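Structure assessment
In case you want the letters, here they are:
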Amino acid sequence: MIGGLPAALAASPGTTPALASPAASERLLLGASVSGSRVLAVGEQGHIILSDDSGESWMHAEVPVSLMLTSVTFSDTGTAWAVGHDGVVLTSDDAGARWRTVLDGVEIARMQIQAAEAAIAALEATLDVMTDDDPALEDTGYALEDAQFDLEDAQEIAETGLTSPLLGITFTTPDRGYAYGAYGVLVETRDAGQSWSLIADRLDNPDNLHLYDLAVMPSGTLLLVGEAGAVYRSSDDGETWDRIDLGYGGSLFGVLSLPDGAALAYGLRGRLFRSADAGERWQEIDSGARATLTGGTVLPDGRTALVGAGGTLLVGQPAGGALVPMKTPLTGALASVVVLDSQTLMVVGFGGVAMVSLGAGTAAP
C-alpha cells in the first residue's frame with residue numbers, strides 16, 4: 001500500500017499524449033471493459049489498447065495523456081469512458097479508438113474551491129447569529145476551520161495542477177454518470193460528459209476516504225464502496241446518500257450487482273460481504289481466500305469471478321456454494337476481470353492481459 005492506496009495506483013507522471021507501444025498488452029493494466037466484440041484495457045503511461053478478436057491481437061488507441069489510467073467502461077455500445085491520475089476523465093465516441101479529455105484535476109479543484117467558499121460563507125453567516133452560550137458554537141467553529149483548510153488545499157491544487165487520481169467511473173444511463181476516487185472525490189454528469197458537478201458533499205465522509213467502486217442494482221439503487229469499510233447507498237439516483245455501517249474497518253475495492261438482486265462487496269484479505277436487500281444490511285461470507293480482492297464480474301450463468309493479489313482468480317457462487325481458485329497465466333496482482341464468452345475470461349494486471357478458460361483442468365492446485 002502507498003499512502004492508503006494499492007501500490008498499483010501510486011502516482012505516475014506525464015501529461016503528453018500516450019506513445020503507442022507494441023508491448024502495451026504486457027505492461028501494467030488496471031482496468032478492462034467489453035462492448036459487443038470490442039475489448040478495451042487501460043493502464044500505465046496512458047495506454048489504452050483495443051481488440052476485436054477476443055484478445056488475439058491488440059491495437060493502441062489515440063490517447064491525449066500519458067498518465068496512469070485506472071478504470072474504463074462503456075455507457076452505450078459506442079461510447080467509452082476512462083479515468084486516471086490527475087483527476088482526468090477521457091471519453092471516446094468510436095468505441096475506444098480515439099479519445100479526448102472532458103475533465104481534469106484542475107477543473108475539479110475549481111469545483112472544490114467554489115464548494116469551500118460557499119461552505120465558509122454559510123458557516124460565517126451562522127456564527128454571526130449565534131450567541132456565546134449556543135451549544136453548537138464550538139462545533140460550528142471547527143467546521144469553519146475545516147472548510148478554510150479545504151479551500152487552501154483546493155487553491156493550491158488549482159495553482160500547481162496536481163491532484164489525486166480518479167479510481168472508477170460508472171454510468172447509470174448513457175447520459176448520467178459518476179466518477180470517483182482518492183480523498184473522497186465524487187463528480188457527476190447528467191449530459192453525457194458535457195458538464196460535471198462536484199457532489200462529494202452529499203456523502204457523510206468527513207475523513208475524505210478513498211472511493212473505489214460503484215454498482216447499480218436492478219432496483220436503481222446505487223452502492224458506493226471505499227476505504228475503511230465505507231459503504232454509501234442512494235435510492236434516488238445520487239441525490240442523497242446514506243452511510244451504511246458494515247461493522248468492518250478494512251477497505252472495500254469493489255461491489256457487484258448479482259443476478260438474484262443481491263450485492264457483493266469485496267476487499268482486503270479476501271473479505272466478502274453480501275446484501276440481499278440492495279445494500280441495507282450486509283452479512284460477511286467466507287471467500288476461501290486471504291488474498292486482497294480488487295476486481296470482479298458476473299458470468300452469464302450467474303457465477304461470480306473475483307481477482308486480486310498474487311494472481312488470485314476465484315470463480316463460483318459466493319453464497320450457498322464455493323468459490324473455486326483458478327490458474328491464470330499471470331502470477332502478479334490482478335486488477336480487473338471481464339467476460340469474453342461463456343467459457344473465457346480476460347484478466348488484467350501486472351504483466352498485462354491474459355485469457356483464462358473456464359473449461360476442465362483450470363482449477364488451481
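In this report, we go over the structure that sits alongside the text. (Residues numbered from 1 in each chain as written. Predicted model: local features only at pLDDT ≥ 70, side-chain atom pairs only at ≥ 80, totals over all residues. Heavy atoms only, no water.)

1. Some remarks on the pairing of strand β26 (residues 344-349)
Burial of β26 is extensive: 6 of the 6 residues sit out of reach of the surface. Of the two faces of β26, the one lined by T344, M346 and V348 and the one lined by L345, V347 and G349 are each fully buried. Alignment of strand β25 (residues 334-341) against β26, held across 6 bridges, turns out to be antiparallel. The residue of β26 that forms the bridge with V339 is L345. Where β25 folds back onto β26 in an antiparallel hairpin, the turn is made up of 2 residues. Between β26 and strand β27 (residues 352-357), which pair antiparallel in sequence order, lie 2 residues; one of them, G351, sits at a positive phi of approximately 100°. (Buried < 20%, exposed > 50% of the residue type's maximum accessible area, 1.4 Å probe, protein only. Helix = DSSP H or I, 4+ residues; strand = E, 2+ residues; numbered from the N terminus. Pairing = 2+ DSSP bridges.)

2. Quick notes on the packing of aromatic side chains
Enumeration over the complete set of coordinates arrives at 5 aromatic pairs. Summarising the aromatic geometry, the rings of Y178 and W241 are spaced 6.5 Å apart at their centres and angled 90° between planes, so their arrangement reads as edge-to-face. On the criterion of sequence distance, the pair formed by Y178 in strand β10 (residues 177-181) and W241 in the loop between β15 (231-234) and β16 (242-244) is long-range, its members being 63 residues apart. The pair Y178 / W241 is uniform in exposure class, with both members buried. Arranged with centres 5.1 Å apart and planes meeting at 40°, the rings of Y248 and F273 form a pair that is tilted. (Phe/Tyr/Trp six-rings, centres within 6.5 Å; stacked < 30°, edge-to-face > 60°.)

3. Looking at the pattern of salt bridges
Using the criterion set out here, one finds 17 salt bridges in the structure. One salt bridge connects R27 with E44, and the closest N-O pair in it is separated by 2.9 Å. One end of the pair, R27, is in the segment before β1 (29-35); the other, E44, is in the loop between β2 (38-43) and β3 (48-51), and 17 residues separate them in sequence. The closest approach of N and O atoms between R303 and D301, which form a salt bridge, is 2.9 Å. Owing to a relative accessible area of 25%, R303 belongs among the partly exposed residues under this scheme. Here the salt bridges do not stand alone but share partners, grouping R176, E188, R190, R202, D237 and E239 into one network. (Salt bridge = Lys/Arg side-chain N within 4 Å of Asp/Glu carboxyl O.)

4. Describing the environment of D93
The residue D93 is located in the loop between β7 (89-92) and β8 (100-103) in this model. Once the C-alpha coordinates of D93 and T79 are considered, the two residues, 14 residues apart in sequence, prove to be 4.7 Å apart. In contact with D93, other than residues within four places in its own chain, are G78, T79, R98 and R100. Side chain to side chain, D93 and R100 meet in a polar contact 2.8 Å long. (Contact = heavy atoms within 4.5 Å. Polar contact = N/O pair within 3.5 Å; in protein donor to acceptor, adjacent residues only side chain to side chain.)

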